Amino acid sequence: MVTTRASTKYMTEEQAMLFNAFDPLSGKRLQVMDEKGDIVDAKWMPDLPDSKVVEAYKVMLYARIADTKSVSYQRQGRLYTLPSNMGQEAAAVGSAMALEKIDWMVPAYRELGAWLVKGATMLHYFLYFGGSEEGSRYPEGTRLLPVSVPISSQLCHAAGIAHAAKYRGDREVVITYFGDGGSSQGDFHEASNWAAVYELPVIFFCNNNGYAISLRRDKQTKSKTIAQKAIAYGMPGIQVDGNDFFAVYRATHEAAKNARDGNGPSLIEAVTYRRGSHTTSDDPTRYRSADEEKAWEAKDPMIRLRKYLEKKKLWDEDREKKHIEEATSDIDRQFKQFEATAAPTVEDIFKYQFDEMPDSLKKQMVELRNFINRKEG
Amino acid sequence: MAVMNMVQAINSALDVKLADDPSVIVFGEDAGLEGGVFRVTEGLQQKYGEKRVFDTPLAESIIVGSGVGMAINGLRPVCEIQFDGFMYPAFNQIISHAARMRLRSRGTYSVPMVIRAPYGGGIRALEHHSESMEALYAHIPGLKVVIPATPYDAKGLLISAIEDNDPVIFFEPKKIYRAIKQEVPEGEYRIKIGKAAILQEGDQLTVVAYGAMIRTVQQALQKAKKDGLSVELIDLRTIYPMDADTIINSVKKTGRLLVAHEAPRSFGPAAEIIALVNEEAFLHLEAPPARVTGMDTVVPLPKGEDLYFPDADRVYDAIKRTIDF
Ligand SMILES: Cc1ncc(C[n+]2csc(CCOP(=O)(O)OP(=O)(O)O)c2C)c(N)n1
Ligand SMILES: [Mg+2]
């Protein structure tokens, strides 16, 4: 028998169904599609046109290629340290696609696929990880925040953005990402508690990729799942197969609907695996085995979505090749554009610190500029 | 005009801004129903409702962190941290986000937020309730730090702080919350952030102070006046950005400088002011710049407090020695 949690009591019966069916303490995890690309739980299959699913796969593949290329550019010294998203594309793209344009995305730093869906381009990515703040200058209205490196601090901003939305009566929803490691931070607790107390439209989306740098998930928290932490805050939580595009999409879609209807926040734990290193400066062989990596390779999110599409005759080797070609040339073009971008000027360093530059800062700017002019004669 | 103490003047500033700007919201621990532990927000929830003036969970990081998010999404949050010594749980949010969101996003997002906190010592309080850590905040690129010394200034500066498009740390000297009463207009007026005030003109020495220390210095100056000494007193009002011109012009005239603050000495605001004067008015100096400050120790519990904070005698002594040098 499924008990109904207090945290789902504001929802309609239909809304509460998914969260009640996968109560975090029941040990159940939402999986719609298995590793072979077969639909194993049709009940929760999201209602998506085929074209959308193809589009999702294309973005995932694009992100995979972009990611792989970025790592090699970094190895060549053409980009700086960067965190790979490889293996986590379904969680990134599936969650982002379940949102609407008016919704906000408050990222951590490892959700490339999600940013691309939200409106970032590879040029932004290259600029940022190539060492320029210009990479966080997204087009007006993108509603995507810059990455947040201090772990889980961004969860507070998501709560605040949602607070402002609710204050104005706007129906926008905020999704924010964090990792399994991030669930140990105080800000995870503070933001979850705040969002629940004020019933704010926030989706706390945890990418549980098994590790926080070298620390295994089972050493990060004694909780059996991260999803179950939701219960303490009085919000619904659910654990999903994070490598299953459909499960991720469905859970995020329900969470967004609930939030938009004024039912408050929820927590989604996407169980996935970081197939690359933590960042380009990290060596995973120090803390995990080749066998483990191999086992997760078989669960890769790209493989199963491709199998699904091929079985439905929506995709084949030719299309795969063509898309890889197109994506590669698009990414190359943007990388060239990045490499041709002028270095920041002295003004660029100073002019965004304040709305109006204080005199003391103007003085520092002039001193630095004069020195450089003198030096360069 | 009404006569107000600083608590009432700050309340009045919040009242004025809540009334004329629907994007202003006020929140903090016990700041709603009760009106805050110092009653600074008293009556505002009753007047503007729970949506605009509210109690928060007991959690400083999210008080500031949610404020960052609210500001990004179009509000002007004014949050209260219950005491100066409890800002630290929010430090990450202040330094890593509030202070740099504008720069990091190339101006796409900004954080027009005010963080208010009762500040400073002298009220015989518990541990962690007497701190003067303004240098920590003034050191962080992207923050403005304001410390008023009078009810009139408190109101005008707070209105400016709320209207400012960047984050402002607004420290309220709790020792003088109710000590000074003054005529304060009930309506809206502004005092520019970054502008010091010359409270007394003189030509032998420039004294720079701010917050509750202004009163202490004024007591010392009464004695100095009897001794026939001519001292110029500058109330800094804003720690960052600092009004360099007012200080430099004054020192060029007087040739001597004394800075007084409650904060610990090393790397404190006085060090910055003295460095500034050395850079800009070195050849005008007739005596080494002096400072009267708190100690590089933790603020003592109430029995030892009077030893720690500079009093009028210590200030007078430094005035005399600097002029007699
Ligand atoms: C507050 C803070 N402490 C430490 C770090 C250094 N650090 C960067 S990523 C990371 C691990 C994060 O793990 P997790 O939250 O699981 O996210 P993942 O990197 O696996 O996506 C650490 C410790 C940091 N960025 N911020
Ligand atoms: Mg992790």
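Residues numbered from 1 in each chain as written. Chains lettered and ligands numbered in written order. Predicted model: local features only at pLDDT ≥ 70, side-chain atom pairs only at ≥ 80, totals over all residues. Heavy atoms only, no water.

Q: I'd like a rundown of the site of ligand 1, residues and numbers included.
A: Residue and element names in this part refer to chain A. Tyr 109, Arg 110, Asp 180, Gly 181 and Tyr 211 are the nearest of the 15 residues found near ligand 1. One of the side-chain nitrogen or oxygen atoms of Asp 180 is found 2.7 Å away from an oxygen atom of ligand 1. For ligand 1, an oxygen atom lies 2.8 Å from a polar atom in the backbone of Gly 182. For ligand 1, whose accessible area on its own is 580 Å², the fraction buried by protein is 71%. When its residues are assigned to classes, the shell around ligand 1 shows 7 nonpolar, 6 polar and 2 charged. (Near = heavy atom within 4 Å. Polar contact = N/O pair within 3.5 Å; in protein donor to acceptor, adjacent residues only side chain to side chain. Areas by Shrake-Rupley, 256 points an atom, 1.4 Å probe, with all protein chains shown as cover. Nonpolar A, V, L, I, M, F, W, Y, C, P; charged D, E, K, R; others polar.)

Q: Explain the sheet that holds strand 9 (residues 197-200) of chain B to me, and be specific about the residues and the numbers.
A: Residue and element names in this part refer to chain B. Across the sheet, 5 strands lie side by side as 9-11-10-13-14; this open sheet has mixed pairing. Across the chains shown, the open sheet's two edge strands, defined by having one partner strand only, are strand 9 and strand 14 (290-294). Neighbouring strand axes in the sheet, compared pairwise and without regard to direction, differ in orientation by 25 degrees on average. Where helix 9 (residues 244-254) meets the sheet, its contacts fall on strand 9, strand 10 (205-209), strand 11 (231-235) and strand 13 (257-264), and the angle it forms with strand 11 comes to roughly 175 degrees. Helix-sheet contacts for helix 10 (residues 269-281) involve strand 10, strand 13 and strand 14, and the interaxial angle to strand 13 is about 155 degrees. (Pairing = 2+ DSSP bridges. Helix = DSSP H or I, 4+ residues; strand = E, 2+ residues; numbered from the N terminus. Axes fitted to C-alpha atoms, helices over the stretch in contact; angles between N-to-C directions. Contact = heavy atoms within 4.5 Å.)

Q: A description of the domain arrangement of chain B should follow, citing residues and the corresponding values.
A: All names here are of chain B. Taken as a whole, chain B is organised into domain 1 (2-184) and domain 2 (197-324). Between domain 1 and domain 2, the C-alpha centre-to-centre distance is 26 Å. Domain 1 puts 28 residues into the contact, and the matching count from domain 2 is 23 residues. Taken over both partners, the interface formed by domain 1 and domain 2 buries close to 2,000 Å², and the fraction arising from carbon and sulfur atoms is 59%. Ionic pairing is found between Arg 124 and Glu 305, a salt bridge with its closest N-O pair at 2.9 Å. Viewed at the interface, domain 2 and domain 1 are joined by 9 residue pairs in polar contact (both at pLDDT 80 or more). Here the residues of the side of domain 1 that touches domain 2 are counted per class, giving 17 nonpolar, 5 polar and 6 charged. (Domains from an automatic or database assignment. Buried area = accessible area lost by both parts, 1.4 Å probe. Salt bridge = Lys/Arg side-chain N within 4 Å of Asp/Glu carboxyl O.)

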